[in-house]
Amino acid sequence: MKSAVETLNPTRVRLTVEVPFEELKDSLDAAYKKINQQVTVKGFRKGKIPARVIDQRFGRGAVLEEAVNDALPKFYTEAVNEAELNPLGQPEVDIKELKDNEVLSFTAEVDVRPAIEVPDYSGIEVEVDAVEVTDEDIEKSVEQLRERFASTTPVERAAEDGDVVTIDLEAKVDGEVLEDGVASDVSYTIGSGELLDGIDDAVKGLSAGESGTFASELKGGSAAGQEAEVTVKVTQVAARELPELDDEFAQLASEFDTLEELKADSRKRLANMKQYDQATQAQERVLDKLLELVEVPIPEKLLEDEINTRKHNLEHHQLAQMGLTLDRYLEIQGKTAEEFETETREAAVKGIKTQFVLDELVNKEKLNVNQEELTEHLMRRAASSGMSPDQFAQAVVEGGQVPMLVGEVARGKALAVVVEAATVKDSNGEVVDLDDEDEDEAEGSTEAAETEAAAEEKPEA
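A quick note: this is a predicted structure, and the numbers were derived from the prediction, not measured.

Definitions and cut-offs
- Residues numbered from 1 in each chain as written.
- Predicted model: local features only at pLDDT ≥ 70, side-chain atom pairs only at ≥ 80, totals over all residues.
- Heavy atoms only, no water.
- Salt bridge = Lys/Arg side-chain N within 4 Å of Asp/Glu carboxyl O.
- Helix = DSSP H or I, 4+ residues; strand = E, 2+ residues; numbered from the N terminus.
- Buried < 20%, exposed > 50% of the residue type's maximum accessible area, 1.4 Å probe, protein only.
- Pairing = 2+ DSSP bridges.
- Axes fitted to C-alpha atoms, helices over the stretch in contact; angles between N-to-C directions.
- Patch = residues over 30% accessible without salt bridge, like charges linked within 9 Å, V, L, I, M, F, W, Y side chains within 5 Å.
- Areas by Shrake-Rupley, 256 points an atom, 1.4 Å probe, with all protein chains shown as cover.
- Parallel < 35°, antiparallel > 145°, perpendicular 65-115°, else oblique.
- Contact = heavy atoms within 4.5 Å.
- Nonpolar A, V, L, I, M, F, W, Y, C, P; charged D, E, K, R; others polar.

J.: Got a minute to help me understand the pattern of salt bridges in this structure?
T.: In total, this model carries 32 salt bridges according to the counting rule given. Lys350 is paired through a salt bridge with Asp288; the nearest N and O atoms lie 2.8 Å apart. Of this pair, Lys350 sits in helix α10 (residues 337-364) while Asp288 sits in helix α7 (residues 259-293), placing them 62 residues apart in sequence. Residue Lys350 is classed as partly exposed on the basis of its relative accessible area, which comes to 31%. With a relative accessible area of 30%, Asp288 lands in the partly exposed category. Taken together, the shared-partner salt bridges connect Glu6, Arg12, Arg14, Glu92, Glu109 and Asp111 into one network.

J.: It is not clear to me how the sheet that holds strand β1 (residues 2-9) should be interpreted in this structure. Could you clarify?
T.: Read across the open sheet, the four strands follow the order β1-β2-β4-β3; overall the sheet is antiparallel. Two strands close off the open sheet at either side, each with one partner strand: β1 and β3 (87-99). Taken pair by pair, the neighbouring strands of this sheet meet at an average axis angle of 20°, ignoring direction. Across nine bridges, β3 lies against strand β4 (residues 103-112) in antiparallel orientation. In the sheet register, Glu92 faces β4, and the bridge partner there is Glu109.

J.: Could you clarify how one ought to interpret a nonpolar patch on the surface in this entry?
T.: Taken together, Val93, Ile95 and Leu98 make up a surface patch of nonpolar side chains, about 220 Å² in accessible area. Looking at the element boundaries, Ile95 is found in strand β3. Residue Ile95 is classed as partly exposed on the basis of its relative accessible area, which comes to 39%.

J.: Looking at this structure, I do not really get the packing of α7 against α10. What am I missing?
T.: A pair of packed helices is characterised by two quantities: the angle between their axes and the separation of those axes. Interhelical geometry of α7 versus α10 gives an angle of 85° and a closest axis separation of 10 Å. Classified by the angle between their axes, α7 and α10 sit roughly perpendicular to one another. Across the interface between the two elements, Leu287, Asp288, Leu290 and Leu291 from α7 touch Lys350, Lys353, Thr354, Val357, Leu358 and Leu361 from α10. Of the residues that constitute the contact of α7 with α10, the class distribution is six nonpolar, one polar and three charged.

J.: What is the right way to read the side chain of Ser266 from this model?
T.: Positionally, Ser266 belongs in helix α7. Contact partners of Ser266, with chain neighbours within four places excluded, come to Ile138, Ser141 and Val142.

Below, the structure is given as structure tokens:
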């Protein structure tokens, strides 16, 4: 076999492959064997039909076509390996010549990873938010905890802001009660905003046994996005009572004996949370700076596939679960279709560019992923997916997604290397020592940038 490579542009090549006919022998034998199992010829047992009879009855062309279909993937792969290419996606194959007992020649055009030169990144500087926990933050945290330990007491009066009411709901569209528009014994805190728009005004002033109606746009269900007439009946009104902020409350709500100890712990927890957010912010901003330093040609076909994947996932998975159409989603977001297209394209470009650049860094820095790192990453992914580690691991193996997970970990390590080399200062001008805070956040930042990109696994399938 002989092959040659022609570069069409920085992300696409054309392979020209010429195969001597003797190298098709195995595929020809396989073609005769396959046809033998599929056809019946009087006078011959199934599977025992001579090749010359198959040629006479069914045509040599049918055999050659079967043989070429069998042989093409093998010769294409050999040509790719010989040229040391990194193909993205499936090739467009064109058979140029097929002469029986002489030669097979074909071309294959395919997108490839562009050559990337990652420059010195040690000079990257970014600014992040300072870690500051205020007394107001502490009070808010303690108040939220206090809300969780509130008690309720039924009262014989009209409902007011902050009360917990038990209600029955019935929604009608065009005068017809919806099958999924009836609910009973729903507990709702007035003013929480957790149910339908307009319900607060409708229930305030109602006592147990009284009803009211209001118009509201449904947020989910069979009539999501439609205007409905909702009848609400109050069956109970209960006043919420918050516990006193004292040492007794601290003992009730935590493992601490005093309120001051509880507040000190809240301060520590909030500081840790803000440090985590600061580290994540640093990694995202360092990544953005790194991408600004590198010119990365984007394969158009890969970009199209990535855009379509993102749209499909949004429309048929995320929005479908919420009972929303894409048009309704854009209306809620206050975006035009053109703005959505632009944002989706920009996100897809960034995802592909991120993968290319970090993969190049993985190679440049010779980063490897060990079993412990892969296991830790798998555990995190399982937790975020709501699956058990065993279930998630099984799904990953069955779906052939282990290389994808390895790539995610490796790219997280590459980003951590860049962050470590960068200068990070907070908004007060102080240098931030992230102290390896760490590849966990780096992986999360990388995955967020890449999303569930077709750029992650599909091009190399």
